[in-house]
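Chain by chain, the residues:
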Amino acid sequence: MKLLFVLAALVAVASANYITVGNKVYRERSLVVSPVSHHRIPNRVDQNFGKIVGGQEATPHSHPFIVNLILDLFYFCGGSLIAPNVVLTAAHCTDGVNSVKVTAGAHKLSANEPSQQVQTSTNIITNADFSLDLVDNDVALIILDEPFEINEFVSTIALSEAEPAVGEMVQATGWGKTRDGILATTSDILMDVTIPVGDDADAESVYGPDLDYTTKICIDTTGGLGTCQGDSGGPLFVNDGADAAIVGITSFGSSIGCESGLPSCFTSVPSYNEWIQDNMP
């Protein structure tokens, strides 16, 4: 059974997923998967939430571990600071990329916020076994030349050692699209959303049996809640503040749309803790 995987950067006419930061325009780099069966598609959510798809504006600097990534001066993704000099993100964000501008401490991207710290890195470690066809090993690290200064606006997040249980509430955050549609744009301000962990069997019924769900965490997006294009590489996490722990990396959603109610899937951080530790400086 052949599945269709498309980088959003290759479907510009259909997606028009741009973000403007200051006077510069970037394109988000996202991964979408076509459902293998359309009978599972629920009624679309037509309401324009104006948020990270059903979420809300994050309390400024309440997620100080999230970073914004501009890749090769063109693509747009998210990431998580897991050490003062190490960013965790998705391999589909970094694959084939030579340079990354990393901004930490941001809430409103277009603003010249005093909290923001910026670095550029060419030390990018993309998992060598990353498979675009099967969306496997969608994990990467960015190593910074100098550590970010840790303060109330910029801090690290712990790596979770265990996956959350089905039905457990988790959080996602990012500057991605706020709704479906060709006129939809990514958000200038950081958004977040709380959603339940879904069952792997439900994701398999939508995307087919060829994917390895043991290394993925899929969420239940019923009601049009979840991540969207532009959130790629950002965190799925549990708890807040000093107790926050990252459990997933935003990987892919349905090509039908972010508000379709179909599962969105994340790379399971606990499944790659050993790889992460082995590749950290």
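Please refer to the structure placed before this passage.
So, how was this worked out
Here the residue index of a chain counts from 1 through its sequence in written order. This being a predicted model, a pLDDT of at least 70 is required before a residue's local features are given, and a value of 80 or more before pairs of side-chain atoms are given or counted; all residues contribute to the totals for chains, interfaces and linings. Hydrogen atoms and water are omitted, and side-chain values are computed over all heavy atoms in the structure. Numbering goes from the N terminus for both helices and strands, where a helix is a DSSP run of H or I of at least four residues and a strand is a run of E of at least two. Relative accessibility decides the category of a residue: with a 1.4 Å probe and only protein chains considered, values under 20% of the type maximum give buried, values over 50% give exposed, and everything between is partly exposed. The contact criterion used throughout is that any non-hydrogen atoms of two residues lie within 4.5 Å. Accessible surface is estimated by sampling points in the Shrake-Rupley manner with a 1.4 Å probe; for residues, cover comes only from the protein chains shown. Centres within 6.5 Å make a pair out of two Phe, Tyr or Trp rings, where for Trp the six-membered ring is used; the pair is then stacked when the planes are under 30 degrees apart, edge-to-face when over 60, and tilted otherwise. For this analysis, a nonpolar core means a set of buried residues of the types Ala, Val, Leu, Ile, Met, Phe, Trp, Tyr and Cys, connected via side-chain atoms within 4.5 Å. At least two DSSP bridges between two strands are required for those strands to pair. Patch rule: a residue counts if its relative accessible area is over 30% and it has no salt bridge; like charges are joined within 9 Å, and nonpolar side chains (Val, Leu, Ile, Met, Phe, Trp, Tyr) within 5 Å. By convention in these notes, a salt bridge is any Lys or Arg side-chain nitrogen within 4 Å of a carboxyl oxygen on Asp or Glu. Here the positive residues are Lys and Arg and the negative ones are Asp and Glu; neither His nor the chain ends is included. Just so you know, the charge point we use is NZ for Lys, CZ for Arg, CG for Asp and CD for Glu. For the purposes of these results, a polar contact is taken to be a pair of N or O atoms within 3.5 Å, where, inside protein, one atom must be able to donate a hydrogen and its partner to accept one; residues adjacent in sequence count only when each atom of the pair is a side-chain atom.

**Q** Help me out: how do you make sense of the overall build of the protein in this one?
**A** Of regular secondary structure, the protein possesses four helices and 19 strands. Across the 281 residues that make up the protein, the buried fraction comes to 57%. Residue pairs at least 24 apart in sequence account for 72% of intrachain contacts in the protein once pairs closer than 6 positions are excluded. Total accessible area on the protein is roughly 11400 Å²; 50% of this is exposed by carbon and sulfur atoms.

**Q** Could you clarify how one ought to interpret the environment of isoleucine 125 in this entry?
**A** Residue placement: isoleucine 125 occurs in strand S11 (residues 123-126). Assessed through its relative accessible area of 21%, isoleucine 125 is described here as partly exposed. For isoleucine 125 and isoleucine 276, which are 151 residues apart along the polypeptide, the C-alpha to C-alpha distance reads 9.9 Å. In this structure isoleucine 125 touches Ala140, Leu141, Ile143, Trp275 and Asn279, once residues within four positions along its chain are discounted.

**Q** Is there a simple way to think about the packing of aromatic side chains in this case?
**A** The geometry of two aromatic rings is summed up by the distance between their centres and the angle between their planes. Within the structure shown, the criterion is met by three aromatic pairs. Considering the side-chain rings of phenylalanine 74 and tyrosine 75, the 4.9 Å spacing of their centres and the 80 degrees angle between planes classify their relative orientation as edge-to-face. Assessed through its relative accessible area of 38%, phenylalanine 74 is described here as partly exposed.

**Q** What should I look at first to understand the nonpolar core in this one?
**A** Within soluble globular proteins, side chains that are nonpolar tend to cluster in buried spots. Ranked by internal contacts, the top residues of the largest apolar core, which has 36 residues, are Leu69, Ile82, Leu88, Val100, Val102, Leu141 and Ile276. Among the secondary structure elements, those contributing two or more residues to this core are strand S6 (66-71), strand S7 (75-83), strand S8 (86-89), strand S9 (100-104), strand S12 (140-143), strand S18 (245-254) and helix H4 (273-279). Counting residues per element, this core draws most heavily on S7, at five residues. The residues contacting leucine 69, other than those within four sequence positions of it, are Tyr75, Phe76, Cys77, Gly78, Gly79, Val87, Thr89, Val100, Lys101, Val102 and Ile142.

**Q** Just to check I follow, could you spell out the pairing of strand S16 (residues 216-219) for this structure?
**A** The two faces of the sheet receive side chains in turn, since in a regular strand these alternate between them. Side chains Lys216 and Cys218 project from S16 onto one buried face, and the interleaved Ile217 and Ile219 project onto a second face that is buried too. Taken together, the four bridges between S16 and strand S19 (residues 264-268) define a ladder with antiparallel strand orientation. Across the sheet, residue cysteine 218 finds its bridge partner in S19, namely cysteine 265.

**Q** Explain unusual backbone geometry here, please?
**A** Leave glycine aside and you will find that most residues have negative phi; peptide bonds, for their part, are mostly trans. Here the phi dihedral of aspartate 72 falls at roughly 50 degrees; this positive angle occurs in a residue that is not glycine. Within the fold, aspartate 72 resides in the loop between S6 and S7. Overall, the relative accessible area of 31% leaves aspartate 72 in the partly exposed class. Although it is not a glycine, leucine 73 sits at a positive phi angle of roughly 60 degrees. The topology assignment puts leucine 73 in the loop between S6 and S7.

**Q** Would you explain a negative patch on the surface in this entry?
**A** Together, Glu163, Asp199, Asp200 and Glu204 give the surface a local cluster of negative charge. Considering the arrangement of structural elements, one finds glutamate 163 in the loop between strand S13 (158-159) and strand S14 (169-174). Judged by its relative accessible area of 37%, glutamate 163 falls in the partly exposed class.

**Q** In this structure, what is going on with the environment of serine 121? I would like to understand it.
**A** Inspection of the secondary structure assignment puts serine 121 in strand S10 (residues 117-121). Serine 121 sits in the buried class, given a relative accessible area of 1%. Once the C-alpha coordinates of serine 121 and valine 102 are considered, the two residues, 19 residues apart in sequence, prove to be 7.7 Å apart. When residues no more than four places from it in sequence are discounted, the contact partners of serine 121 are Asn98, Ser99, Val100, Ile142, Ile143 and Leu144. Reaching out from serine 121, the side chain makes a polar contact with the backbone oxygen of isoleucine 143 at a distance of 2.5 Å.

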